[in-house]
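Spelled out from the first residue to the last, the chains are:
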Amino acid sequence: CLYMLKIIGFPLDVPIFVANNLVCTSQMKSPRSGYAKMEDPDTQEYGIDGKLEPSHDQEMSEERTQTWWQTVASIWNSMAGSQALVLPWVMEQAGLIPGVILLVVSGTISNYTANIVLDLSRYQEDFSTMASRFLGRKGQVFSLLVSVLFLGAVCAGAFNIMNGLMFKIIGAFYEWNTGNELNFDSISLDEFTTSWMAIILGVFMLALTMIKKPSIFLKILSSGAIFGIALYCYVIIYGIYEISNNHSRYTTSHHPNADQVRIVLFGKGWLKVAPVMVLSFLLQHIIKDIVKKAKHPEHNKRDISLGYISVGLSFGIVCFLGYIGFTAKFESLEQNILNNFAYTNVAAFLIRSAIFFQIVTVYPVLVYFLRSQFYNSFWGREYPSFAHVFALNVIVVASNTIITCFDPKGVGTIMRYNGAIFGSIIMLVIPLSCKIVHDYQLAQTDAASLESINQTKKPIPSRRTLYTKIAFNGTLLFVGMVLLYAQFFYTP
């Protein structure tokens, strides 16, 4: 891993620590603005991990009022959303036992790398700036591009879900009034299908994304957790209902009878759907924003772990009840489980309407964040001109429309590739590469210099421990490469 990083051009030979307490690590603002002014080493305090420790005045200037349960709730609200629509399908593809293992391993690794980001980030330092400090200019540009592309893929998934929900909602009204059913499986333009729905929705969403400051959507999103909770409750209640009515029909036999329901313990597609779990636990790029107001920052690691546990339990309940319960009702699960229900199912109609309303408000905000991050990073301002904004919005919405036209039921597929490519980079590659560089530089620094700058008085790890950490983190990087490889070359 160290050799590959050096070949790419990351500055492994630049030590973090300099003798006689002369620690001068520059902080890059953006690729266009270059390097910020170096801080005066006499007025800064650095810990043994190379992290800038905030002064007392800086700490007091920040109003820290966030309790531990608010931190846990923020983590849950950031991760537990519309993934519930896809998780039962993931469990069906992976099988019950591999699905549970994927859930636990993905959550554990994500918790580990989120704490790495927290440890390595300086005071008020964001994800890309942390990458620039350890991986240089190339690292920052790379992290910014990945973040933009990741948001673009999230927009594609959200658009795909919206399209399916809206088509089903219109289909319900159409069937209630005419008694006829719209064809959800066709993508032809000769009749009203999901393709026409995607085109109409694309025009509508392009108009919404042109709003310069989507403050109205942000206000609506402040109550968005209600819709997420409603979705989870629906999946849980329906799952319990079906299990209670069909518990005697379940079997794990490979050759079930006509009246039996087979539960797959070991599926062949677990490696294909593993990136969906990676994407579901993704939090590394916003973890600093979540904990920056914590009243007791010394407990941040504990609070983050509690947040991951709460999310993991929520995902586990939805995966288990959704898969077992819905399998009793349907022969196979759609990637979006709401697509399994008939147009005129009243409960499904209400949930579709609620989730559609939520995603319609989320989508313009996602495009706004994508646009702001892209233009702020490479143009120096978030709104260069109307033409710039319109062009980028057209590219994003048109690409989402085209993807949905060809694969209207493919939200799980979109999440697979997003998780394998961009999710793995944000969760694994960038944090672990920064950690490997940090540990390598620390191992190359002599013990006397480390003792002289150890402001936190933490135990100094031995070189053997540091190299063991490098090997472990390198192994996790290899796991990310395997997931990416499997999406293109592995056929279950």
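Residues numbered from 1 in each chain as written. Predicted model: local features only at pLDDT ≥ 70, side-chain atom pairs only at ≥ 80, totals over all residues. Heavy atoms only, no water.

Q: Which residues make up the overall build of the chain, and what are the values?
A: Of the regular secondary structure elements, the chain holds 17 helices and six strands. Relative to its 492 residues, the chain shows a buried fraction of 53%. Taking the contacts inside the chain whose residues are at least 6 apart along the sequence as the reference set, 80% of them involve residues at least 24 apart. Accessible area for the chain stands at about 22900 Å²; split by element, carbon and sulfur atoms hold 63% of it. (Helix = DSSP H or I, 4+ residues; strand = E, 2+ residues; numbered from the N terminus. Buried < 20%, exposed > 50% of the residue type's maximum accessible area, 1.4 Å probe, protein only. Contact = heavy atoms within 4.5 Å. Areas by Shrake-Rupley, 256 points an atom, 1.4 Å probe, with all protein chains shown as cover.)

Q: Any details on a nonpolar patch on the surface? Residues and values, ideally.
A: Side chains of Trp68, Trp69, Leu306, Ile309 and Leu313 sit close together on the surface and give an oily, nonpolar patch of about 560 Å² of accessible area. Those elements that place two or more of their residues in the nonpolar patch are α3 (68-79) and α12 (300-329). The element contributing the most residues to the nonpolar patch is α12, with three residues. Take Ile309: it is sitting in helix α12. (Patch = residues over 30% accessible without salt bridge, like charges linked within 9 Å, V, L, I, M, F, W, Y side chains within 5 Å. Salt bridge = Lys/Arg side-chain N within 4 Å of Asp/Glu carboxyl O.)

Q: Give a description of the side chain of Thr401 that names residues and reports values.
A: Residue position: Thr401 is located in helix α14 (residues 386-406). The buried category is assigned to Thr401, whose relative accessible area is 12%. From its side chain, Thr401 meets the backbone oxygen of Val397 in a polar contact 2.8 Å long. Beyond its immediate stretch of four places on either side in the chain, Thr401 contacts Phe159, Ala198, Ile199 and Gly202. (Polar contact = N/O pair within 3.5 Å; in protein donor to acceptor, adjacent residues only side chain to side chain.)

Q: Can you explain helix α4 (residues 87-94)? Please cite residues and give values.
A: Because an α-helix packs 3.6 residues into every turn, residues spaced three or four apart end up facing the same way. Most of α4 sits out of view: seven of its eight residues are buried. Buried residues along α4 sit in contact with α5 (96-120), α10 (270-280), α12 and α15 (411-443). Positive backbone phi, approximately 95°, marks Gly95, located one or two places after α4.

Q: A description of the environment of Leu282 should follow, citing residues and the corresponding values.
A: Relative to the assigned elements, Leu282 resides in the loop between α10 and α11 (287-291). Separated by 141 residues in the primary sequence, Leu282 and Gly423 have C-alpha atoms spaced 6.8 Å apart. Every residue in contact with Leu282, bar those within four places of it in the chain, is listed here: Met79, Phe150, Gly423, Ile426 and Met427.

Q: Residue-level account of the confidence of the model for the chain, with values.
A: Per-residue pLDDT for the chain averages 82, and the proportion of residues at 70 or more is 83%. Put simply, strand β2 (residues 34-35) is where the chain has its lowest mean pLDDT, 35, and α14 is where it has its highest, 95. Contacts for the low-pLDDT stretch residues 1-61, under 50 throughout, to residues beyond four places or in other chains number 118 contacts. (pLDDT = per-residue confidence, 0-100.)

Q: Please provide a residue-by-residue account of the packing of aromatic side chains, values included.
A: Following the criterion strictly, the structure yields 27 aromatic pairs and no others. Relative to Trp379, the ring of Tyr375 has its centre 5.3 Å away and its plane inclined at 80°; by these criteria the two rings are edge-to-face. Across from the ring centre of Phe184, 4.8 Å away, lies the NZ or CZ of Lys168, which sits over that ring. Against the face of Tyr343 rests Lys168, its NZ or CZ located 4.4 Å from the ring centre. (Phe/Tyr/Trp six-rings, centres within 6.5 Å; stacked < 30°, edge-to-face > 60°. Lys NZ or Arg CZ within 6 Å of the ring centre and 35° of its normal.)

Q: Quick one: what's the story with the environment of Ile470, residue by residue and with numbers?
A: Here Ile470 lies in helix α17 (residues 463-489). Taking the C-alpha atoms as reference points, Ile470 and Val437, 33 residues apart in sequence, are found 8.5 Å from one another.

Q: Lay out the side chain of Asn473 in plain terms, naming residues and giving numbers.
A: Mapped onto the fold, Asn473 is located in helix α17. According to the relative accessible area criterion, Asn473 is buried, its value standing at 0%. Side chain to side chain, Asn473 and Tyr112 meet in a polar contact 2.7 Å long. Filtering out sequence-adjacent residues up to four positions away, Asn473 remains in contact with Tyr112, Leu432, Lys435, Ile436 and Asp439.

Q: Can you tell me about the pattern of salt bridges, naming the residues and giving the values?
A: A side chain of one charge can pair with a side chain of the opposite charge when the charged atoms of the two come close. A full pass over the atoms with the stated rule returns five salt bridges. Residue Lys301 pairs with Asp119 through a salt bridge whose shortest N-O separation is 2.9 Å. Here Lys301 is found in helix α12, whereas its partner Asp119 is found in helix α5, with 182 residues between them in sequence. When its relative accessible area of 41% is taken as the criterion, Lys301 is described as partly exposed. On the basis of relative accessible area, Asp119 is assigned to the partly exposed category, the value being 26%. Its salt-bridge partner being Lys409, residue Asp185 comes within 2.3 Å of it at the nearest N-O pair. With Asp185 in the loop between α6 (127-178) and α7 (194-209) and Lys409 in the loop between α14 and α15, this pair connects stretches of sequence that are 224 residues apart. Shared partners join several salt bridges into a network, and the residues in it are Asp185, Glu334 and Lys409.

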